[in-house]
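Architecture and fold: a report
One-letter residues, chain by chain:
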Amino acid sequence: MESREHPVVEVIETREDNMNIINEVEHKKVELMRTLVEKQDPTSKEADDFMIRRFLRARDLDVEKASTLFLKYLKWRRTFMPKGFIPASDIPNELSQKKMFLQGFDKKGRPISVAFGGRHVPSKDKGGLDEFKRFIVFNLEKICARMPNGQEKFVGIADCEGWGFSNCDIHGFVGGLHILQDCYPERLGKMFIVHAPYVFMAAWKIIYPFIDSNTKKKIVFVENKKLKSTFLEDIDESQLPEIYGGKLPLVPLQDC
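In the nomenclature of an unreviewed UniProt entry, the protein chain is known as CRAL-TRIO domain-containing protein of Kingdonia uniflora.

This is the structure we're talking about:
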């Protein structure tokens, strides 16, 4: 579970983007959903109000749908992470590819992750797909742990430079997408896709229908000639990775 305490939250009358504020409508929905899920799964008491709100927002504040999603998540987490975390020793092949990095924060205080699609080597067996899914969870847990107090989201940079058909992994990409949307809803704040070659767009057309409407709004394709200027709208140069004209060196996520 991402949080084990119920923080005191401020309730206001209107919708606010401030992560530390839950408005009156959301507050009532959170309380109703908490009552429903705690009856069915007592472990849900460990979830704070903000976690409940993320699942509600992922289902447009529909309590019944959000409760179903949340209960499914709790069951998944117990099965997928019986230790409560993913050990690095469980994903040696994925880590050896050195394709995921984490450093810096954007202007809203959201941690920045960088993934290099051209370094991804898909596995041809089910064991490899399972390891890739564990790798996705390992990354998301690391990213969430890096979020400062009051922040719930992260920014991703998907760098597709060098991506080719040998890197195409539809089953892996869709599996990772489902984990992000169903188990870590409302964690993604924005996703920049950069250096996307023409061949990548063929795979994108297959993946796109699996992306929910809320996630689609957060995805931005960036032209190469506008790369740095686009990043600087959201990220200070001091927090931008060096490879994009910033000041920070890339740090492998497992070393963060």
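Looking at the packing of helix 2 (residues 49–58) against helix 3 (residues 63–80)
Across the interface, helix 2 lies against helix 3 with an axial gap of 8 Å and an inter-helix angle of 120°. For the element pair helix 2 / helix 3, the angle class is oblique. Of the two elements, helix 2 crosses helix 3, and the hand of that crossing is right-handed. Where helix 2 approaches helix 3, its residues Met-51, Ile-52, Phe-55 and Leu-56 are matched on the opposing element by Val-63, Ala-66, Leu-69, Phe-70 and Tyr-73. When the residues that make up the contact of helix 2 with helix 3 are grouped by side-chain class, the tally is nine nonpolar, no polar and no charged.

Observations concerning the nonpolar core
Ranked by internal contacts, the top residues of the largest apolar core, which has 49 residues, are Met-33, Phe-70, Tyr-73, Trp-76, Ile-179 and Tyr-184. Contributions of two or more residues to this core are made by helix 1 (24–40), helix 2, helix 3, strand 3 (100–105), helix 5 (126–146), helix 6 (170–183), strand 6 (188–194) and helix 7 (198–207). Split by domain, this core shows at least three residues from each of two domains, domain 1 (7–80) and domain 2 (88–255). Apart from the residues within four sequence positions on either side, Ile-179 is in contact with Trp-76, Lys-133, Ile-136, Val-137, Leu-140 and Tyr-184.

What to know about empty space enclosed by the protein
Across all of its chains, the model carries four cavities of 30 Å³ or more by this definition. Roughly 820 Å³ of internal volume is contained in the largest cavity. Broken down by secondary-structure element, the contributors of at least two residues to the lining of the largest cavity are strand 4 (111–116), helix 5, strand 5 (154–159), helix 6, strand 6 and helix 7. Top contributing element to the lining of the largest cavity by residue count: helix 5, with six residues. Put simply, the second largest cavity is a space of about 100 Å³.

So, the sheet that holds strand 6
One open sheet holds the five strands; their spatial order is 3-4-5-6-7, and the pairing between them is mixed. Across the chains shown, the open sheet's two edge strands, defined by having one partner strand only, are strand 3 and strand 7 (219–222). Across this sheet, the average inter-strand angle for adjacent strands is 20°, counted without regard to direction. In terms of strand pairing, strand 6 meets strand 7 through four bridges, oriented parallel.

What about helix 7?
Those residues of helix 7 not exposed but buried are Phe-200, Ala-203, Trp-204 and Ile-207. Along the axis of helix 7, the buried positions cluster into a sector of 110°, meaning they face one direction only. The outward face of helix 7, more than 90 degrees from its buried face, is lined by the exposed residues Tyr-198 and Lys-205. Close packing links the buried residues of helix 7 with helix 6, strand 6 and strand 7.

What counts as what
Residues numbered from 1 in each chain as written. Predicted model: local features only at pLDDT ≥ 70, side-chain atom pairs only at ≥ 80, totals over all residues. Heavy atoms only, no water. Axes fitted to C-alpha atoms, helices over the stretch in contact; angles between N-to-C directions. Helix = DSSP H or I, 4+ residues; strand = E, 2+ residues; numbered from the N terminus. Parallel < 35°, antiparallel > 145°, perpendicular 65-115°, else oblique. Left-handed = near helix turned anticlockwise from the far one by under 90°. Contact = heavy atoms within 4.5 Å. Nonpolar A, V, L, I, M, F, W, Y, C, P; charged D, E, K, R; others polar. Core = buried A, V, L, I, M, F, W, Y, C linked by side-chain atoms within 4.5 Å. Buried < 20%, exposed > 50% of the residue type's maximum accessible area, 1.4 Å probe, protein only. Domains from an automatic or database assignment. 1 Å grid on protein atoms, 1.4 Å probe; cavity = no way out; pocket = protein on both sides within 12 Å on 5 of 7 lines; lining within 4 Å. Points joined across faces, edges and corners; volume = space filled by probe spheres on them. Pairing = 2+ DSSP bridges. Arc of directions from axis to C-beta.

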